[in-house]
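Chains, contacts and geometry: an overview
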Amino acid sequence: MDRRSFVRLLTAAPVASAVGARSVPPYRVVSAYAPAALPGMPGPWPGRVVDVRSNACLDPAGDVVNESVVRAMLSRGMRALTGEKSTTDAWRRFFEPSDVVGIKVNCGGHPFVVSSPAIVAEIVRQLVAVGLAPSHVHVYERFQNQLDAVDYAPHLPEGVQIVAAEGWNLRVDNSAYDPDTYVEAELFGEENTRSNMMRLVTRRLTKIVNVPNMKDHGATGVTGCLKNVAYGSFSNVARTHSRGTSHTFSFVGTLAAVEPLRSRTVLQIMDGLSGVWHGGPFAHTRRYVFHPRRILLGTDPVAIDRLLLDVIDEKRRAERAISIWDRSPRFVKLDDTAARDDDPNVNIMIREPGHVEYASTLGLGVYDRARLRLEEIEL
Amino acid sequence: MSVALLLAALPALYWPEPVATAAAVREAGIERLLVPPDQVDAWRAAGVSAEPLRALDRKARVSLDEPGLLVRADVASATLRPWVVANGWRFRRDPAGRFLYDALPPGKAALATAEVFVHGADAVLAIDPRDLVQVGLMLRFLATVPDAELPEVADVAVVDDGSALLGEVLSLLARRNLLFRLVGAPDPDARLTVQLGTEEFPRDEAADPDAFALAVRRRLTDARRSVRVFGSEVVLVRAVADSSHARIHLLNYGQRPIAGLRVRFAGRWDAGRALGDGIGPMPLEDHSPSDDATEFTLPELAIYTVVDLEAR
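Just so we're clear, the structure is a prediction, and the values are computed from it rather than from any experiment.

1. Looking at the overall build of chain A
- In terms of regular secondary structure, chain A is built from eleven helices and 19 strands.
- Compactness check: chain A gives a C-alpha radius of gyration of 19 Å against a globular reference of 21 Å for 379 residues, within 12% of the reference.
- Dimensions of chain A, computed from the C-alpha atoms along their principal axes, are close to 55 × 50 × 40 Å.
- Looking at chain A as a whole, 55% of its 379 residues are labelled buried.
- Here the contacts in chain A between residues at least 6 apart in sequence split such that 73% fall between residues at least 24 apart.

2. A short note on the overall build of chain B
- In terms of helices and strands, chain B carries nine helices and 20 strands.
- At 20 Å, chain B has a C-alpha radius of gyration in line with the 20 Å of a compact globule built from 312 residues.
- Put simply, chain B has 312 residues, and 43% of those count as buried.
- Long-range contacts, defined as pairs at least 24 residues apart, comprise 67% of the intrachain contacts of chain B with a sequence gap of at least 6.

3. Things to note about helix α6 (residues 109-119) of chain B
- Among the eleven residues of α6 of chain B, eleven are classified as buried, and the element is accordingly described as predominantly covered.
- Residues Ala 109, Ala 110, Leu 111, Ala 112, Thr 113, Ala 114, Glu 115, Val 116, Phe 117, Val 118 and His 119 of chain B constitute the buried set of α6 of chain B.

4. Side note on the interface of chain B and chain A
- Taken together, the contact pairs 23 residues of chain B with 17 residues of chain A.
- Those elements giving two or more residues to the side of chain B that touches chain A turn out to be β12 (227-230), β15 (258-266) and β18 (285-289) of chain B.
- Among the elements that take part in the side of chain B that touches chain A, β15 of chain B stands out by supplying five residues, more than any other.
- Partitioning the side of chain B that touches chain A into residue classes produces eight nonpolar, nine polar and six charged.

5. Structural notes on the packing of helix α8 (residues 164-175) of chain B against helix α9 (residues 209-220) of chain B
Residues and elements named next belong to chain B.
- Direction vectors running N to C along α8 and α9 enclose 55°, while the axes themselves pass 9 Å from each other. Relative to α9, the element α8 lies oblique. In terms of crossing hand, the pair formed by α8 and α9 is right-handed. For the pair formed by α8 and α9, the contact residues are Glu 168, Val 169, Ser 171, Leu 172 and Leu 173 on the first element and Pro 209, Asp 210, Phe 212, Ala 213 and Val 216 on the second.
- The class makeup of the residues in the contact of α8 with α9 is seven nonpolar, one polar and two charged.

6. What to know about unusual backbone geometry
Residue and element names in this part refer to chain A.
- A cis amide bond, omega 10°, links Met 41 with the succeeding residue Pro 42.
- For Pro 42, the position within the fold is in the loop between β4 (27-31) and β5 (48-53).
- Each neighbour pair has its own omega, and for Glu 259 with Pro 260 the value is 10°, a cis peptide bond.
- With respect to the element layout, Pro 260 can be found in the loop between α7 (248-256) and α8 (261-264).

7. Digging into the nonpolar core
- If you look at the biggest cluster of nonpolar residues, it comprises 100 residues, and the most contacted ones within it are Ile 103, Val 120, Leu 226, Leu 255, Ala 256 and Ile 269 of chain A.
- Per element, the largest residue contribution to this core is eight residues, and it comes from helix α9 (residues 301-318) of chain A.
- Setting aside chain neighbours within four positions, we find Ile 269 of chain A in contact with Ile 119, Ile 123, Val 209, Val 211, Ile 295 and Leu 297 of chain A.
- If you look at the next biggest cluster of nonpolar residues, it comprises 92 residues, including Val 124, Val 145, Leu 179 and Leu 301 of chain B.

8. Describing the sheet that holds strand β20 (residues 304-310) of chain B
Residues and elements named next belong to chain B.
- What the five strands build is an open sheet, ordered β13-β14-β20-β16-β17; its pairing is antiparallel. Looking at which strands have only one partner, the edges of the open sheet turn out to be β13 (235-241) and β17 (280-283). Across the sheet, the mean angle from the axis of one strand to that of its neighbour is 20°, orientation sign disregarded.
- For β13 and strand β14 (residues 245-252), the ladder comprises seven bridges, and the chain directions are antiparallel. Looking at the pairing, Ala 241 lines up with Ala 246 of β14.
- Set on the sheet, α6 makes contact with β13, β14 and β20; between it and β14 the angle comes to about 155°.

9. Brief notes about the packing of helix α1 (residues 67-82) of chain A against helix α3 (residues 117-130) of chain A
Residue and element names in this part refer to chain A.
- Contact geometry of α1 with α3 gives a least axis separation of 9 Å together with a crossing angle of 55°. The orientation of α1 relative to α3 falls into the category oblique. As for the relative orientation of α1 and α3, their crossing is right-handed in sense. Of α3, the residues touching α1 (which contributes Glu 67, Val 70, Arg 71 and Leu 74) are Ala 118, Ile 119 and Glu 122.

10. Side note on the domain arrangement of chain B
All names here are of chain B.
- For chain B, the domain assignment lists domain 1 (3-142), domain 2 (156-224) and domain 3 (227-310).
- Contact residues are listed per partner, giving five residues for domain 2 and six residues for domain 3.
- Of the residues contributing to the side of domain 2 that touches domain 3, the split by class is two nonpolar, one polar and two charged.

11. As for the pairing of strand β7 (residues 98-101) of chain B
Residues and elements named next belong to chain B.
- Pairing of strand β4 (residues 62-63) with β7, which is carried by two bridges, proceeds in the parallel orientation. In the strand pairing of β7, Ser 63 is matched with Leu 100.
- Across four bridges, the pairing between β7 and strand β8 (residues 122-126) is parallel. Note that in β8 the partner of Arg 98 across the bridge is Asp 122.

12. Focus: helix α7 (residues 132-142) of chain B
All names here are of chain B.
- Buried residues dominate α7, accounting for eight of its eleven residues.
- Listing the buried residues of α7 in full gives Leu 132, Gln 134, Val 135, Gly 136, Met 138, Leu 139, Phe 141 and Leu 142.
- Buried residues belonging to α7 abut β1 (12-14), α2 (22-27) and α6.

13. A closer look at the sheet that holds strand β19 (residues 293-301) of chain B
Residue and element names in this part refer to chain B.
- Taken in spatial order, the four strands line up as β12-β15-β19-β18 in an open sheet, and their pairing is antiparallel. The open sheet has two free edges, formed respectively by β12 and β18, since each of these has just one partner strand. Averaged over all pairs of adjacent strands, the angle between their axes in this sheet comes to 20°, without regard to strand direction.
- One ladder, built from four bridges, connects β12 with β15; its direction is antiparallel. When the sheet's bridge partners are listed, Arg 228 is paired in β15 with Arg 264.

14. Quick word on the environment of Cys 107 of chain A
Residue and element names in this part refer to chain A.
- If you trace the backbone, Cys 107 turns up in the loop between β6 (101-104) and α3.
- Of the residues examined, Cys 107 has 25 C-beta atoms within 10 Å and is grouped as buried.
- Taking the C-alpha atoms as reference points, Cys 107 and Val 150, 43 residues apart in sequence, are found 6.7 Å from one another.
- Those residues in contact with Cys 107, other than ones at most four positions away along the chain, are Val 114, Glu 141, Gln 146, Leu 147, Ala 149 and Val 150.

15. What to know about the environment of Leu 150 of chain B
Residue and element names in this part refer to chain B.
- Relative to the helices and strands, Leu 150 is located in the loop between α7 and β9 (156-159).
- Using a count of 14 C-beta atoms within 10 Å as the deciding quantity, one classes Leu 150 as partly exposed.
- Once residues lying within four places of it in the same chain are set aside, the contact partners of Leu 150 are Val 240, Ala 241, Asp 242, His 245 and Arg 247.

Calculation rules
- Numbering of residues starts from 1 in every chain and runs along the sequence as written.
- Each chain gets a letter, beginning with A, and each ligand a number, beginning with 1, in the order they are written.
- Given that the model is predicted, a residue must reach a pLDDT of at least 70 before its local features are reported, and side-chain atom pairs must reach 80 or more before they are shown or counted; all residues, however, enter totals for whole chains, interfaces and linings.
- Each helix is a run of DSSP H or I of at least 4 residues and each strand a run of E of at least 2, with the numbering of both proceeding from the N terminus.
- The quantity called the radius of gyration is restricted to C-alpha atoms. Its globule counterpart is 2.2 Å times the number of residues to the power 0.38.
- Every C-beta atom is placed from the backbone, and the number of other C-beta atoms within 10 Å of a residue's own sets its class: buried at 20 or more, exposed at 12 or fewer, partly exposed in between.
- Any pair of residues counts as being in contact when their C-beta atoms, constructed from backbone geometry, are within 7 Å of one another.
- Each residue is assigned to one of three groups, with Ala, Val, Leu, Ile, Met, Phe, Trp, Tyr, Cys and Pro labelled nonpolar, Asp, Glu, Lys and Arg labelled charged, and all others, Gly among them, labelled polar.
- Every axis in this analysis is a line fitted to C-alpha atoms, fitted for helices over the stretch in contact. Angles between the N-to-C directions lie between 0 and 180 degrees.
- In this scheme, roughly parallel covers angles under 35 degrees and roughly antiparallel covers those over 145, while 65 to 115 is roughly perpendicular and the rest are oblique.
- In this scheme the crossing of two helices becomes right-handed for a clockwise turn of the near helix relative to the far one and left-handed for an anticlockwise turn of less than a right angle.
- Buried Ala, Val, Leu, Ile, Met, Phe, Trp, Tyr and Cys residues form a nonpolar core when they are connected through C-beta atoms within 7 Å.
- By this definition, two strands are paired if DSSP reports at least two bridges between them.
- What marks off one domain from the next here is an automatic or database domain assignment.

Written out as structure tokens, the structure reads:
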């Protein structure tokens, strides 16, 4: 690896989007890592999404996961995505025995909407089938307390690493982040202006499988592939929202595009068994939980998140809640999470679902719905 | 430094507790106390070096704030920038001043002790007795810090008009680690001179000191700042340096130790060394010199760490 740091200055400029012009803060991106010949995002299949559905993946109440159905959904989805006849060959299109693979899970929606242990276990099983040692598989999150709450270990073979960058969200431990790989920006006058990539990503992993959920998000509109892998691999990201304003419109994509994260994230598997349509990214109660009973697969995070925008917005419409695109101040109660949790027509800040489109302008994938190549499979 | 000089440089502890606590004081390693005048003889008889502090002398001292963090929902947030209360700017504004931390609540004394030491101030600490051990540990640690007489590092010259309003501005500049020195008149050699009431810095804009300090920062630009701290919003810095040696004092005003604090200091410096309270000597990690600045990571910061760097 060339250890010279590539410094990229992204200057402040207004960006036109489907929802109007947004100002983008000046970003200074510092990384010593060059992109792969074919970066993992958007990977070999830009715009392509395989959507596998099965009513049998959960029990009627939505509480219990049917592991064999999930296994079949993943197998079918991976074969459809790659065109391979066997499941193992499909996984071999992405991974080889010498790889060190990270599985970026999402545990923030505990207890009701997290990356399903059944999906994570099947991913690990397939990686081992490809020839990886279990110790070369890392299930990771930013916060250990969230990983502990989900407790993946009983579902995984001995040797799989389950690791977090910080104990919990106190912002006092930076030691697991790479001091030489970061995005620098002053957003709200903060002094701590750097967001650093996890050392695990820069110095250990060769590939990443991204396993987000289908979730609403108070700042970004939705949290899917892009936000899970970006905000889940960098430090000091909560600073992007303050007092009703969020810089997530440009920050999510900017982080996701930083090398080596962009090149190494080679596979997106969105866990849509259950989701949350309001109050996200959390899911403290069942009130806003729903059960799409789907798994979306692809290499293009923008394409999958483009579909997610519709999934969450359609569910909200069905529940007579305001759209994730609604920017009216009359629905905003600043930082009043209790009011937000009580009423699906309350926002705590202006949401930025346009972050998905913005990410497409950075080359991370295809946003235009008409250009997506969607394959729907019903099991 | 001689023991006598060293003791004089350390903060003084005011201890109105009965002489029956002498064993605890000695066990804490505290060798010098200020006590009520009528108790001086008893303390000396108990083998503790004691000097009188009269009530009048206490009252004559400038009272200081409890150092640490405050919840101020109007101007700060837990997630973005906690509100730091620090007294360094007062010491800097009045180097000959005589100060008092009066009735510090428990848990504050060690930080106050370090704060006084960093700025070489004349301050008396009236602590909660439960903090005796922590103060003793801090004093013993401070006694191990090598002496270094070096010029102050400052990026901003601030014309001191003596006003309370300017005091608020100084407090906010310090909170942002915008290193300043106080001057009597505009300094043409300074990177930036701040004088309230000028066209550049109207007095009414200082009514919001937080916004004012941010405006100063943006006028100076982060690239021209001598020191930056990454990984925390609650660590304040004082720096002194000449062409061959730099010393960076880091004070943690938060309630928890910080791991992996990244520091950027202007100039090209060798890897250097750090000495932290409760930690001792520690290496600086991920040392990264460039043309205009040197970066390093401090593995751990409890309350106070001093970093010494040598020029390359």
